[in-house]
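So the chains spell out like this:
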Amino acid sequence: MSLVTDLAPEAPGSEGVTSADPRRRFGWGRALCGGAAWLLLVLVARVWALAIVHDRGVEALRLGAAPLVGRGDFLVGPATMFGLLAAIGAVVLAPHLARLRWRYLLVAVLVAAVVWPVALNLSRGPEALTAPLTRVDDEYLPDVHEVDAAGGPRAFLQGYVEHIDDYNVHVRSHPPGFLLLLWSLDALGFGGAGWAAALCILGGAIAAPVVLVATREVAGERWARAAAPFVAVSPAALWVATTADALYAGLGAVGVTALILASGRRGRAADVLALAGGALLGVCCLFSYGLALLWLVPLPVLLHRRRLRPLLLAGAAAGVVLLGFALLGFDYLGAFQATRREVAESVQRTRPYRFSLVSNAAALALAAGPAVVVGLVALRDHRLWRVVGGAAGAVALAALIGLSKGEVERIWLPFTVWLLVAGAAAVQRWGPGSLRWWLGAQVTVALVVQAVFRTGW
């Protein structure tokens, strides 16, 4: 089957541009304008950052590779071939995904979502997959021993707020869920950076097929198949292999998808899905305070289907998870307030709010890639908007209230994985022959960023 057939309307009245529409064949001018707008956004953020650094010094932003976190470190060597070969393979094989049976398509997407970030990061050596997770004074792993030092998990939770100043940056900037997970793995004999990196990579990879399952449920299999290459292979993979946020993206995607599937079913199966989805979203709130915004992602689907019961059950399940931690002694609201004070005293204090609005948008645009940005502009199908609209609203709200001023290329990964679906709209708008061009643009951005900058994660 071809992507033209895949994206033809299912019935009269379906939204979108059909394969017979001549704009599909003669819209490259608009595509170039969209790509130019993507590039302009990145350049404006870069120039603005350089101007701030010139006037106020490096400490005013501490981004280095603005709008991304990192530093300039051009590197092209023999190991670059790993990423280059993976990119070529993705572009060559992408059109054939549509011919796979659905279950095999999901497996292929999962494999690609593992291979692509690993191949990219190997260009800077095998240690690039683990080193970002071990940075002293910054990351989780060096603080795993704090759990035992406190007298065990319960004592650690009870004293978390009181001793928050004693922990590394990421530990005191988040709830203690991920640190306790690492401690649990260490107690089971799976401690260390290697296992932690594998956990993050697999977590980020799982998000890809799970998001496609939700897309199929909401917008149909044809849209899901068209989105598969963009969800599997994106610039966001640069941060999948090196950050805990990749794991959060995977857990969040499973939770959101379970809730979406529950909204389309009745009876016990729907209730079980809603409870499972809510429990996972509750767990996500124990990993990052900002992941409370994940509840916005399935909201357009739930509102359209007018299903209140799954949302109520999911909320109850999430409440049970948080209540369980409260009974163990964890003061969630107190910890959140303490974290806000910590953040207020950090570099977030010196990063200008208006600059951050532009810089955050540019970092998100780089992580998502030009095809996704153009796809969002070209997207007309209401069903697909229900998939990506909640995530777009969540990041817009996060940006406006200033939850994060910078570093969103990793922080917003749990939302970026949903926006990647919009890449399908670019192919639908400009025809199946454009798939390799759009995917080529995506992998090129990833390869260039990896070669030019040493990102912070």
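Here the structure is shown first, and the text comes after it.
Here the residue index of a chain counts from 1 through its sequence in written order. For a predicted model such as this one, the threshold for reporting local features is a pLDDT of at least 70, and the threshold for listing and counting side-chain atom pairs is 80 or more; totals across whole chains, interfaces and linings nevertheless cover every residue. Side-chain metrics rest on all non-hydrogen atoms present in the structure, leaving aside hydrogens and water.

1. Quick word on the side chain of Arg307
Part 1: One can find Arg307 in the loop between helix H14 (299-305) and helix H15 (309-327).
Part 2: Here Arg307 is buried and forms no salt bridge, its nearest opposite-charge partner Asp271 lying at an N-O distance of 5.9 Å.
Part 3: Polar side-chain contacts of Arg307 include one of 3.0 Å to the backbone oxygen of Ser263.
Part 4: The term polar contact refers here to a pair of N or O atoms within 3.5 Å; inside protein, the definition further demands a hydrogen-donor-capable atom paired with an acceptor-capable atom, and it admits residues adjacent in sequence only when both atoms are side-chain atoms. There is a polar contact of 2.8 Å between the side chain of Arg307 and the backbone oxygen of Arg265.
Part 5: Here a residue-residue contact requires only that any non-hydrogen atoms of the pair lie within 4.5 Å. Not counting the four nearest positions on each side in its chain, Arg307 is found in contact with Ala262, Ser263, Gly264, Arg265, Arg266 and Leu302. Note on conventions: DSSP H or I runs of at least 4 residues are helices, E runs of at least 2 residues are strands, and numbering of each starts at the N terminus. Any residue under 20% of the maximum accessible area for its type is buried, any over 50% is exposed, and the rest in between are partly exposed; the area is computed with a 1.4 Å probe on protein chains only. In this count, Lys and Arg are taken as positive residues and Asp and Glu as negative ones, while His and the chain termini are left out. Between Lys or Arg on one side and Asp or Glu on the other, a salt bridge is scored when a side-chain nitrogen of the former is within 4 Å of a carboxyl oxygen of the latter.

2. Some thoughts on the packing of aromatic side chains
Part 1: The aromatic pairing rule takes the rings of Phe, Tyr and Trp, using the six-membered ring of Trp, and pairs them if the centres are within 6.5 Å, calling planes under 30 degrees apart stacked, those over 60 edge-to-face and the rest tilted. Summed over all chains, the structure comprises 14 aromatic pairs.
Part 2: Between Phe156 and Tyr160 the ring centres are 6.0 Å apart and the planes differ by 65 degrees, which places this aromatic pair in the edge-to-face class.
Part 3: Between Phe178 and Phe287, the ring centres sit 6.3 Å apart and the planes meet at 85 degrees, which makes this aromatic pair edge-to-face. Here Phe287 lies in the loop between helix H13 (267-285) and H14 and Phe178 lies in helix H8 (residues 177-187), a separation of 109 residues in the sequence.
Part 4: Judged by relative accessible area, which is 2%, Phe178 ranks as buried.
Part 5: These aromatic residues form a ring-pair network of at least three members: Phe156, Tyr160, Tyr167, Tyr289, Phe330, Tyr332 and Phe336.
Part 6: Lying over the aromatic face of Trp430, Arg429 brings its terminal NZ or CZ to 5.2 Å of the ring centre. Here, over-ring charges are defined by two tests on the NZ atom of lysine or the CZ atom of arginine: distance to the ring centre within 6 Å, and angle to the ring normal within 35 degrees.

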